[in-house]
Amino acid sequence: MLTAASLTAASLTAASLTVASLSRSQLATRLAGPGLAVRTGPFASRIRSTIPQVADGIELLYGAYPLLGDEDFADFHVGLRRPGGLHRWYKPQVSFDLDGLVPFEPLPEAHAFPMLEWGLNWCISTRAHAYLMIHAAVVERDGLAAILPAPPGSGKSTLCAALVHRGWRLLSDELALLRPQDGLLLPVPRPVSLKNRSIDVIRAYVADAVLSAPVSNTTKGTVAHLKAPAASVARAGESARPAWIVFPKYEAGAATSLETIPRARAFFRVADNAFNYSHMGASGFATLAGAIDACTSYDFRYSDLDEAMAVFAALEAPQ
Amino acid sequence: MSASAPPVLLRLLRDPGLAAALPMADWDLALRQATSANLSPALLALIEECGLLEALPAAPRAHLEWVRALAARHRQAVRFEVECIAAALRPTGLPVLLLKGAAYAMAGLRAGEGRLFADIDILVPKARLDEVESALMLHGWIAGGHDAYDQRYYREWMHELPPMQHVRRRTSIDVHHAILPETAPVRPDPAKLRAAALPIEAAPGLATLAPCDMVLHSAVHLFFDGEFDKGLRDLLDLHRLFGEFGARPAFWDTLPARAHELQLARPLFYALRYSRRLLGTDVPAAVLDALAPARPNRRLLALMDGLFERALLPMHASCDDALTGSARFALYLRGNWLRMPPLLLARHLFHKAFISKKNAPETA
């Protein structure tokens, strides 16, 4: 059977071109015309937009991703357009659509790039039911992956951004994709979304961090996206085995602590963070149970990133 | 659409064998059209029936696989829900006579493969409505969010109770006592439909309409209604029912006479016409001849072709032309026109536009 991982690998070898091979004007022409088709892990997206902030963000953060041709298949056809009406002239707005379907209210035009990132996450989490999808960051080292499920505000993205610049590979900042057939995690290495204070924290922590221009006053506060490490993007076709489930919690001034969670409790807490657990029926249950069995689960509190890195470096492979 | 080539999704539904050699750009468009028409699981089922899934290029195949879990979960949920309904109605002694999607799924018909739907519809005798409603309420289904006018609309004029929802599972059931509103110009006798109903052998206590009646109900539901957002799905139902029942003896021989008997020859005429024109359904010439009396005059038929052959396409930008919006609106008006006499319709639309709207925040 042909798996999504081998499919991704095949596409990667076939497509030698990356988005960086386009000049800025070629990029803008594609976005305004047939769409810019780009592969991120198992998904191909065709993006259409004439909004400069969209081209800016893609040029800055998506250079290393495989570029697809005008005739190639895309899973998602998304657009970021200016809605009509008076807003065109007064406080311009941007509207996201998936092939004509508009799931969100328009946002101020300055939010266009974060809206593309949120929109693509929404496309995957509401459509790609070939996987059990968990709202979690995923990082990997030596073939073993840590799943970091967490509600917003827990410091998950900050931790993920730090880890992937300290020896871990980025699989995803938002979406753990567990494949029911073999229980492996598939990477969707896209930019890491940083909010508010964590933007400066990561700027200080990662010497060569490439970040998109911060956008303020979004529903999540000020948002900037951190470029995914090139090595993680290059290995987007390599799945990983789940080994740890870590529920992170940032607490100012807290001492670093790592406590194991009993399996039954971990199961329900991960299920709570899943996008499509009930949609997947029995297969969702079996997939999640397999992941829980394969992993050791922890509650993790931290306030200091260096100490957090040390804890992750010391994680032991489960039996 | 007559001027241009049919949408690629229609070509695939008409001949799933094309899946073996479809160019990549066509796959891209076909799967987008299928998503818009809510037909991705049905397309997956059709391609698998032909044994062609392995022949698909990797990318569209992986994309189609996304809906497999949803379809399986839906099938399981329908079975569970039907069992709950059967348990609730057991004290009434009535068979659970399933209509539309739930009937196709529970009877194991090909039309039920990969078909997604939101409500379960059943048909009960009008004289037993109160009893059925009470039995369902005892088991947790309630009719919510309807004001006094809505209650009157359903109970006096329509052919069903106000839709009921289960308080815990949030699932919906529509309890019908007829297949057309009390106020419609044609009113097929529901007693005849119930008398001909057939038990589902594998599921004691459950029943479906007889094959001819099932087709006629599907036809009247599609061609007397005003909303076509699920139009192509319903046309595909007809195409698949014609294909499966057409292979059985006596189906084609009895269908025209039954249609005339139930005053449903016109919707059957439309069902056969558009199922043939859009999906290439095989229909014996004798059946077409027998329905010739139900054919609208030449001018009306040209108009209906223009309307239906736009509204029945997937709701996707690639299938629209300059007249698509107007065609859908004209059919919406027609659908309401066919439900009620003009004066009652005017009153109903007036109420919906001004009075229900004004009261809406209080009832919500």
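None of the values given here were measured: they were computed from a predicted structure.

## Digging into unusual backbone geometry
For step 1, the next point in the chain: With phi around 60 degrees, Asn217(A) is a residue other than glycine that occupies positive phi space.
For step 2, the next point in the chain: Tracing the sequence through the fold places Asn217(A) in strand E13 (residues 215-218).
For step 3, the next point in the chain: The backbone phi angle of Lys100(B) is positive, close to 50 degrees, even though this residue is not glycine.
For step 4, the next point in the chain: With respect to the helices, strands and loops of the structure, Lys100(B) is situated in helix H6 (residues 100-106).

## Describing the sheet that holds strand E14 (residues 221-226) of chain A
Residue and element names in this part refer to chain A.
For step 1, the next point in the chain: In spatial order, the strands read E12-E14-E13; together these three strands make up an open sheet with antiparallel pairing. Only two strands of the sheet have a single partner each, and these edge strands are strand E12 (192-195) and E13. Pairs of neighbouring strands in the sheet enclose a mean axial angle of 35 degrees, with direction left out of account.
For step 2, the next point in the chain: Note that E12 and E14 share four bridges and pair antiparallel. In the strand pairing of E14, Ser-193 is matched with His-225.
For step 3, the next point in the chain: Those strands touched by helix H5 (residues 156-163) are E12 and E14, and its axis lies near 125 degrees from that of E12.
For step 4, the next point in the chain: With respect to the sheet, helix H6 (residues 197-205) is in contact with E12 and E14, its orientation differing from that of E12 by roughly 115 degrees.

## Digging into the interface of chain B and chain A
For step 1, the next point in the chain: Between chain B and chain A, the contact holds 20 residues from the first and 21 residues from the second.
For step 2, the next point in the chain: For the side of chain B that touches chain A, the secondary structure elements donating two or more residues are helix H2 (24-36), helix H4 (58-65) and helix H5 (68-89) of chain B.
For step 3, the next point in the chain: No other element matches H4(B), which puts six residues into the side of chain B that touches chain A.
For step 4, the next point in the chain: Residues of the side of chain B that touches chain A, tallied by class, amount to 13 nonpolar, three polar and four charged.

## Describing helix H10 (residues 305-313) of chain A
Residues and elements named next belong to chain A.
For step 1, the next point in the chain: Taken as a whole, H10 has its buried residues at Leu-305, Ala-308 and Phe-312. The buried side chains of H10 occupy one side of the element, clustering within an arc of 55 degrees when seen end-on. For H10, the exposed residues lying more than 90 degrees away from the buried face are Asp-306, Glu-307, Ala-310 and Ala-313.

## Structural notes on the domain arrangement of chain A
Residue and element names in this part refer to chain A.
For step 1, the next point in the chain: Domain annotation for chain A reports domain 1 (1-128) and domain 2 (131-319).
For step 2, the next point in the chain: Residue-level contacts link 23 residues of domain 1 with 25 residues of domain 2.
For step 3, the next point in the chain: Counting residues per element, the ones that place at least two in the side of domain 1 that touches domain 2 are helix H1 (4-14), helix H3 (52-61) and helix H4 (112-127).
For step 4, the next point in the chain: It is H4 that contributes the most residues to the side of domain 1 that touches domain 2, six residues altogether.
For step 5, the next point in the chain: Split into classes, the residues belonging to the side of domain 1 that touches domain 2 amount to 15 nonpolar, seven polar and one charged.

About the thresholds
- Residues numbered from 1 in each chain as written.
- Chains lettered and ligands numbered in written order.
- Predicted model: local features only at pLDDT ≥ 70, side-chain atom pairs only at ≥ 80, totals over all residues.
- Helix = DSSP H or I, 4+ residues; strand = E, 2+ residues; numbered from the N terminus.
- Pairing = 2+ DSSP bridges.
- Axes fitted to C-alpha atoms, helices over the stretch in contact; angles between N-to-C directions.
- Contact = placed C-beta atoms within 7 Å.
- Nonpolar A, V, L, I, M, F, W, Y, C, P; charged D, E, K, R; others polar.
- Buried ≥ 20, exposed ≤ 12 C-beta atoms within 10 Å, placed from the backbone.
- Arc of directions from axis to C-beta.
- Domains from an automatic or database assignment.

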